Structures are given as C-alpha cells and as structure tokens.
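# Commentary on secondary and tertiary structure
Below, each chain spelled out in residue letters.
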Amino acid sequence: MPREPDGKRREATLPERFKVIELRSAGHSYRSIERETGISKSQAANIWRRFTVDDDIIPQLHSRRGMKSKLDERDKRRLVRLSDAHPRATLQELVKESGLPIHPKTAGKYLRKENRFVRFIKREP
C-alpha cells in the first residue's frame, strides 16, 4: 500500500490503480511496478486480480471495521416494536418473544441506540 508522508499506509488512489493496470498490461512484473509506483507488489497483484477477475478497480464501499451486525434492519424494527408494545418487559422477555438468536445484552444495545428504555432482571441478593 502507498504510504503517507508521516509513514501511515493509505489506500491506492484511482490514478495509481490505472497506472498499475497500464504497467501490468504492458508486461511489467509486480516488483517493477512496486519500484515505479510505490505500491507494494501484493497490492499491485490485488489490483490486477480485481481488474481481471471482477472487472472492477474501485475498492468496495462497505465498512471494513468491526464485527458484522447480528441483526438486519427488519429484526431491529421488530425488536423496537416489541419494546413499544411491552414497555415493562425485560430484555430476556423481549428476546424470548421475538425469537431472535441474540443475547439480551445485544438487544439492549440496539434498543439504547434507538433511545428506548431497557429493563434488566435484577438478581436476588
């Protein structure tokens, strides 16, 4: 990957990607592309593979950080509707009634994001 002046890695820009494709089409090796453009040979290989296999040179626009969400938007709406219908229900009861395969704390996290009040079962001392 190309580097910023402070040494941090960054994603290759579109003109850099076009340059890699142009050089590779002309028969240059990945090492010579690395020397000429400053893009690592593995990144150049990934750009070339994406171009030849997927017919695409633009990186995917999805987020690459963090875990995949446990619930899709439909399940989140269902959980919010259940909490609105049963405002005194605990998270355990909401999860059980919804039939979603999630932990009650996960349900609480989603409901707090939607500004809903959540109830936990208090343990007996």
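The structure under discussion appears in the preceding block.
Given the structure is predicted, the values throughout are model-derived calculations rather than measurements. (Residues numbered from 1 in each chain as written. Predicted model: local features only at pLDDT ≥ 70, side-chain atom pairs only at ≥ 80, totals over all residues. Heavy atoms only, no water.)

This paragraph deals with unusual backbone geometry. The phi dihedral of N115 falls on the positive side, at around 60°, and the residue is not glycine. In this fold, N115 is placed in the segment after α6 (104–113). Among the residues examined, N115 registers a relative accessible area of 71% and is labelled exposed. (Helix = DSSP H or I, 4+ residues; strand = E, 2+ residues; numbered from the N terminus. Buried < 20%, exposed > 50% of the residue type's maximum accessible area, 1.4 Å probe, protein only.)

Counting residues in hydrophobic clusters, the biggest one holds 14 residues, and the most contacted among them are L71, L79, L91, L94, I102, A107 and L111. When residues of this core are traced back to their parent elements, those giving at least two are α4 (73–85), α5 (91–98) and α6. Those residues within four positions of I102 in sequence are excluded, and the remaining contacts are K70, L71, L79, V95 and A107. By size, the runner-up hydrophobic cluster in this structure holds 9 residues, among which are V20, L23, A44 and I47. (Core = buried A, V, L, I, M, F, W, Y, C linked by side-chain atoms within 4.5 Å. Contact = heavy atoms within 4.5 Å.)

Moving on: the packing of helix α1 (residues 14–25) against helix α2 (residues 30–37). Axis separation between α1 and α2 bottoms out at 10 Å; the angle between their running directions is 140°. With respect to each other, α1 and α2 are oriented oblique. The two elements α1 and α2 meet at a crossing, and its hand is right-handed. Residues K19, V20, L23 and R24 of α1 form the contact with α2, whose own contacting residues are Y30, I33, E36 and T37. Taken together, the residues of the contact of α1 with α2 sort by class into 4 nonpolar, 1 polar and 3 charged. (Axes fitted to C-alpha atoms, helices over the stretch in contact; angles between N-to-C directions. Parallel < 35°, antiparallel > 145°, perpendicular 65-115°, else oblique. Left-handed = near helix turned anticlockwise from the far one by under 90°. Nonpolar A, V, L, I, M, F, W, Y, C, P; charged D, E, K, R; others polar.)

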